[in-house]
Amino acid sequence: MTRYTGKNKVKTAIFVSGSGTNLKNLIKFSKKINSPISINLVISNNLKSKGFLFAKKNKISTVFYNFNNDKNYEILLSKLIELNIKLICLAGFMKIIPKNFLKNFKGKILNIHPSLLPKYKGLNTHGRALKNKEKYVGCTVHFVNNKLDSGKIIIQKKTRLFKKDTISTIKKRVLKLEHKIYPIAIKKILL
Ligand code: GRF
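Residues numbered from 1 in each chain as written. Predicted model: local features only at pLDDT ≥ 70, side-chain atom pairs only at ≥ 80, totals over all residues. Heavy atoms only, no water.

Caption draft 1: Main features of the overall build of the chain. Along the chain, the regular secondary structure elements total six helices and seven strands. Starting at the N terminus, the α and β elements of the chain follow one another as β-α-β-α-β-α-β-α-β-α-β-β-α. For the chain, the spread of C-alpha atoms along the three principal axes comes to 50 × 40 × 30 Å. Out of the 191 residues belonging to the chain, those deemed buried represent 47%. (Helix = DSSP H or I, 4+ residues; strand = E, 2+ residues; numbered from the N terminus. Buried < 20%, exposed > 50% of the residue type's maximum accessible area, 1.4 Å probe, protein only.)

If you want it as C-alpha cells, here you go:
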C-alpha cells in the first residue's frame, strides 16, 4: 500500500466559486496524518468567493481565473504543471472545465454534486427533487469527463426527503453528507 506522508502526499488543487465549505473541509482533511493529499493551490473564478478568501488567509497559493478566455487556459495549465499538481477537486465550482484540462488530467479531476446522480444533473437539484416528491436526496462524488455531471461515480450518500423539507433544509443536510463523502472518495481512489 502506498504511504502518503509529508512530501509524498498527492499535490492537489481545489477549484471553488462560492462559499467554500467543501474546500474548508478538504483543507482540514488534508492536514490529518492519514490523509493522502496536500492542498497546494486554490483556483477561483470569483474573487469574492469565501472559499477563495479563506485559502488566501490560510497562506495557500491562490490563482484568480475568469474562465472566459480560451487562450489563457494554457497559462493556468502551466501553473498546475509547475506546482506538480496531480489531483484536481472541484468544490462548488460553477464553470465548465476546459477541454485541455480534461486531456492533461485524465482521471484526475473529481467533482462533488448535490444530487444522487444520474438524477438531477446541473443546477437547482434540490428544488427539482422536492417538486418530484423524491423519497431520497443526496450527493455524489464522481470523476469529471466532457459531459456535465456524467463521469464515473466514486461514492454517493443519501438521506430521506421529508414532507416538511424545504430547499434550505435539504441543502443543509446534504452539505453535511458532502463533507463526509468527499474525503472518503479521495481515500478510495488514492489508498
Ligand atoms: C455544494 O452543494 C456542491 O455540491 C455544489 O455546490 C455547493 C458548494 O458548496 N457543487 P460549498 O461552496 O462547498 O459550500
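That shown, we press on.
Caption draft 2: Expanded view of the site of the ligand. Around the ligand sit S19, G20, T21, N22, G92, I112, H113, P114, L175 and E178, and those are all the residues in its vicinity. In the environment of the ligand, an oxygen atom lies 2.9 Å from a nitrogen or oxygen atom belonging to the backbone of N22. Taking 360 Å² as the accessible area of the ligand by itself, protein coverage stands at 85%. Because more than half of its atoms lie within 2 Å of the grid, the ligand is assigned to the largest pocket. For the shell around the ligand, the secondary structure elements donating two or more residues are helix 1 (21–30), strand 5 (109–113) and helix 6 (167–190). Class assignment for the residues of the shell around the ligand results in three nonpolar, six polar and one charged. (Near = heavy atom within 4 Å. Polar contact = N/O pair within 3.5 Å; in protein donor to acceptor, adjacent residues only side chain to side chain. Areas by Shrake-Rupley, 256 points an atom, 1.4 Å probe, with all protein chains shown as cover. 1 Å grid on protein atoms, 1.4 Å probe; cavity = no way out; pocket = protein on both sides within 12 Å on 5 of 7 lines; lining within 4 Å. Sits in = over half its atoms within 2 Å of the grid points. Nonpolar A, V, L, I, M, F, W, Y, C, P; charged D, E, K, R; others polar.)

Caption draft 3: Seen up close, the nonpolar core. If you look at the biggest cluster of nonpolar residues, it comprises 35 residues, and the most contacted ones within it are V42, V141, Y182 and I186. Take this core: its biggest share by element is eight residues, from helix 6. Leave out the neighbours within four places in its chain, and Y182 touches N22, L26, C89, L90, A91, L110, N111, I112 and V141. Counting 21 residues, the second largest nonpolar core, distinct from the first, contains I43, L90, L102 and V144. (Core = buried A, V, L, I, M, F, W, Y, C linked by side-chain atoms within 4.5 Å. Contact = heavy atoms within 4.5 Å.)

Caption draft 4: Broad picture of the pairing of strand 5. Buried residues dominate strand 5, accounting for five of its five residues. The alternating pattern of strand 5 places I109, N111 and H113 and L110 and I112 on opposite faces, both of which are buried. Bridging between strand 4 (residues 87–90) and strand 5 involves three bridges; their strand directions are parallel. Pairing of I88 across the sheet is with I109, part of strand 5. Following the backbone out of strand 4, through helix 4 (residues 99–104) and into the adjacent parallel strand 5, one traces a crossover that is right-handed. Examined bridge by bridge, strand 5 and strand 6 (residues 136–143) share four bridges and lie antiparallel to one another. Within strand 6, the position partnered with L110 by the bridge is F143. (Pairing = 2+ DSSP bridges. Right-handed = clockwise from strand over helix to strand, strands pointing away.)

Caption draft 5: Structural context of the side chain of H113. Inspection of the secondary structure assignment puts H113 in strand 5. Within the local environment of H113, its side chain forms a polar contact with the side chain of D149, the two groups lying 3.4 Å apart. Discounting residues that sit within four places of it in the chain, H113 has contacts with Y120, K121, G122, T125, G138, C139, T140, H142 and D149.

Caption draft 6: Local environment of the sheet that holds strand 7 (residues 153–160). Taken in spatial order, the seven strands of this open sheet run 3-2-1-4-5-6-7, and their pairing is mixed. At either end of the open sheet lies a strand with only one pairing partner, and these are strand 3 (62–64) and strand 7. Each strand axis lies, on average, 20 degrees off the axis of its neighbour in the sheet, ignoring direction. Where strand 1 (residues 10–16) and strand 2 (residues 37–44) come together, seven bridges link them in parallel fashion. Looking at the pairing, V10 lines up with I37 of strand 2. Those strands touched by helix 2 (residues 50–57) are strand 1, strand 2 and strand 3, and its axis lies near 140 degrees from that of strand 3. (Axes fitted to C-alpha atoms, helices over the stretch in contact; angles between N-to-C directions.)

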